[in-house]
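# Observations on the three-dimensional arrangement
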Amino acid sequence: MNRIKQGDIIKNVSFIESYREQDGNIEVKRIVFPLIIVLTQDCDLTWDYEARSNENTYHDKYLMSVIVAPLYNYEHFIMGEHLSELNRNMATISRNQTKTDNKNLRQNETPRYHYLEFDSTIPIVNSVIDFKHYFTVNVEHLQEHKADDYVCSVSELFREQITQRFANYLSRIGLPEPVAK
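Described in the following lines is the structure provided in the data block. As the structure is a computational prediction, the values presented were derived from the model and not from experiment.

Given 3.6 residues per turn, any residue in an α-helix points the same way as the ones three and four places further on. Among the residues making up helix α4 (residues 139-149), those that are buried are Val 139, Leu 142, Gln 143, His 145, Lys 146 and Asp 149. On its buried face, α4 sits against β1 (8-22), β2 (25-38), α1 (42-54), β3 (65-73), β6 (135-138) and β7 (150-153). A side-chain oxygen of the first residue of α4 lies 3.0 Å from the backbone nitrogen of Glu 140; this N-cap is Asn 138.

Spelled out as structure tokens, the structure:
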């Protein structure tokens, strides 16, 4: 079986938004993302796969989950419509190619986002990763899901860049807004 790799793009992956139990019934609300990218480091994914394959006595290399992030259609993203099916109103980014926000986004100079263009042989439109929207998926579930819904993988050079940018975004230091005196 082909293991999960950093930079894999997989379609139709679910995120459990919430769940609750009431009177013995369980209600689950989930979001199915059309495309996600795997952000977990490849060395950790390799160790997990090898440990599960060899049925080691020790399970210290097992991962509980894999970090992923949705890929949003670039055109929908700049119009602020990428989460409209969830009734979420998102900010727009200027469609004018000379505007700074759009240019910075496409050149990956905006820390929160990563812009991706794909080769014409890959059936994916230009896309954006919003690092604020990452989530985790159970590793065994994602492995089973990948068998039917794998789309492609980002090359090693670019997957490392994406993961580095994701780590930098997560490690930023949030400072409070200055208070006027």
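Let us keep going from here.
Moving on, we get to the nonpolar core. In terms of nonpolar packing, the biggest core is built from 26 residues, with Ile 36, Val 38, Val 66, Val 68, Phe 77, Leu 105 and Leu 142 touching the most fellow members. Secondary-structure elements contributing two or more residues to this core are β1, β2, β3, α2 (74-78), β4 (113-116), β6 and α4. By residue number, the principal contributor to this core is β2, which donates 4 residues. Leu 35, Leu 116, Phe 118 and Phe 166 belong to the second-largest nonpolar core, a separate cluster that totals 16 residues.

On to the pattern of salt bridges, then. Between side chains of opposite charge, pairing is possible as soon as their charged atoms come close. Scanning all chains against the criterion turns up 9 salt bridges. The partner of Arg 52 in a salt bridge is Asp 48, with the nearest N and O atoms 2.8 Å apart. Pair noted here: Arg 52 and Asp 48 are both in helix α1, with a separation of 4 residues, about one helical turn. Among the residues examined, Arg 52 registers a relative accessible area of 23% and is labelled partly exposed. With a shortest N-O distance of 4.0 Å, Arg 159 and Glu 160 are connected by a salt bridge. The exposure class assigned to Arg 159 is buried, which follows from its relative accessible area of 11%. Residue classification places Glu 160 among the partly exposed residues on the basis of a relative accessible area of 36%. Connected through salt bridges with shared partners, the residues Arg 3, Asp 42, Arg 159 and Glu 160 form a single ionic network.

Let us now look at the layout of surface pockets. Of the volumes computed, that of the largest pocket is approximately 460 Å³. At the level of secondary structure, the elements contributing two or more residues to the lining of the largest pocket comprise β2 and β3. The greatest single-element share of the lining of the largest pocket, amounting to 6 residues, is contributed by β2. Here the lining of the largest pocket is built from residues that sort into 12 nonpolar, 5 polar and 3 charged. The computed volume of the second largest pocket comes to approximately 270 Å³. Taken together, 15 residues form the lining of the second largest pocket, with Leu 116, Glu 117, Phe 118, Val 154 and Phe 158 sitting closest to its centre. Secondary-structure elements contributing two or more residues to the lining of the second largest pocket are β4, β7 and α5 (156-170). In terms of residue class, the lining of the second largest pocket is made up of 8 nonpolar, 5 polar and 2 charged.

What counts, and where the lines are drawn
Residues numbered from 1 in each chain as written. Predicted model: local features only at pLDDT ≥ 70, side-chain atom pairs only at ≥ 80, totals over all residues. Heavy atoms only, no water. Buried < 20%, exposed > 50% of the residue type's maximum accessible area, 1.4 Å probe, protein only. Helix = DSSP H or I, 4+ residues; strand = E, 2+ residues; numbered from the N terminus. Contact = heavy atoms within 4.5 Å. Polar contact = N/O pair within 3.5 Å; in protein donor to acceptor, adjacent residues only side chain to side chain. Core = buried A, V, L, I, M, F, W, Y, C linked by side-chain atoms within 4.5 Å. Salt bridge = Lys/Arg side-chain N within 4 Å of Asp/Glu carboxyl O. 1 Å grid on protein atoms, 1.4 Å probe; cavity = no way out; pocket = protein on both sides within 12 Å on 5 of 7 lines; lining within 4 Å. Points joined across faces, edges and corners; volume = space filled by probe spheres on them. Nonpolar A, V, L, I, M, F, W, Y, C, P; charged D, E, K, R; others polar.

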